[in-house]
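Coordinate analysis (summary)
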Amino acid sequence: ILKASDEENDERGHDHILEAIEEHHVITNLLTEMSQLDVNNGRFMAKMNVLADMLDRHIEEEEDFVFKTAKKDLKVKYLAQLGSKFVQEKTAILKH
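Residues numbered from 1 in each chain as written. Predicted model: local features only at pLDDT ≥ 70, side-chain atom pairs only at ≥ 80, totals over all residues. Heavy atoms only, no water.

1. A look at the nonpolar core
Counting 7 residues, the largest nonpolar core consists of Ile27, Leu30, Met34, Leu37, Phe44, Leu51 and Met54. Elements with a minimum of two residues in this core: α1 (6-35) and α2 (42-73). In contact with Leu51, not counting residues within four places along its chain, are Ile27, Leu30, Leu31 and Met34. (Core = buried A, V, L, I, M, F, W, Y, C linked by side-chain atoms within 4.5 Å. Buried < 20%, exposed > 50% of the residue type's maximum accessible area, 1.4 Å probe, protein only. Helix = DSSP H or I, 4+ residues; strand = E, 2+ residues; numbered from the N terminus. Contact = heavy atoms within 4.5 Å.)

Here's what the structure looks like:
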């Protein structure tokens, strides 16, 4: 069985992170566009469906790759701080 080199793993990780950043950007744009549409507008529901599909895939990828990588590579104290920040951000978003 062939095992990827550390350099290949780093490159794939870097590519994955760049893709995730772009997905965040697209999701933000969709949300902005949706906020300007009436919920009864057909385009609103079309955007909602695209957003739901993107979020499902994005969350699945983050849980599979990003969280596993972070758990392996980051120090426990930093992970606790990151988790706390995540909860704060999620709470702020859900209040809107």
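Here the narrative resumes.
2. Some words on the pattern of salt bridges
Tallied over the entire structure, the rule returns 5 salt bridges. A salt bridge links Arg57 to Glu19; the shortest N-O distance between them is 3.6 Å. Remark: Glu19 occurs in helix α1 and Arg57 occurs in helix α2; sequence separation between them is 38 residues. Here Arg57 falls in the partly exposed class, since its relative accessible area comes to 40%. When the shortest N-O distance is used, the salt bridge between Glu61 and Arg57 registers 2.6 Å. In this pair, Glu61 and Arg57 are both assigned in helix α2, 4 residues apart and thus about one turn of the helix distant. What makes Glu61 partly exposed here is its relative accessible area of 22%. Salt bridges sharing common partners tie together Glu19, Glu23, Arg57 and Glu61. (Salt bridge = Lys/Arg side-chain N within 4 Å of Asp/Glu carboxyl O.)

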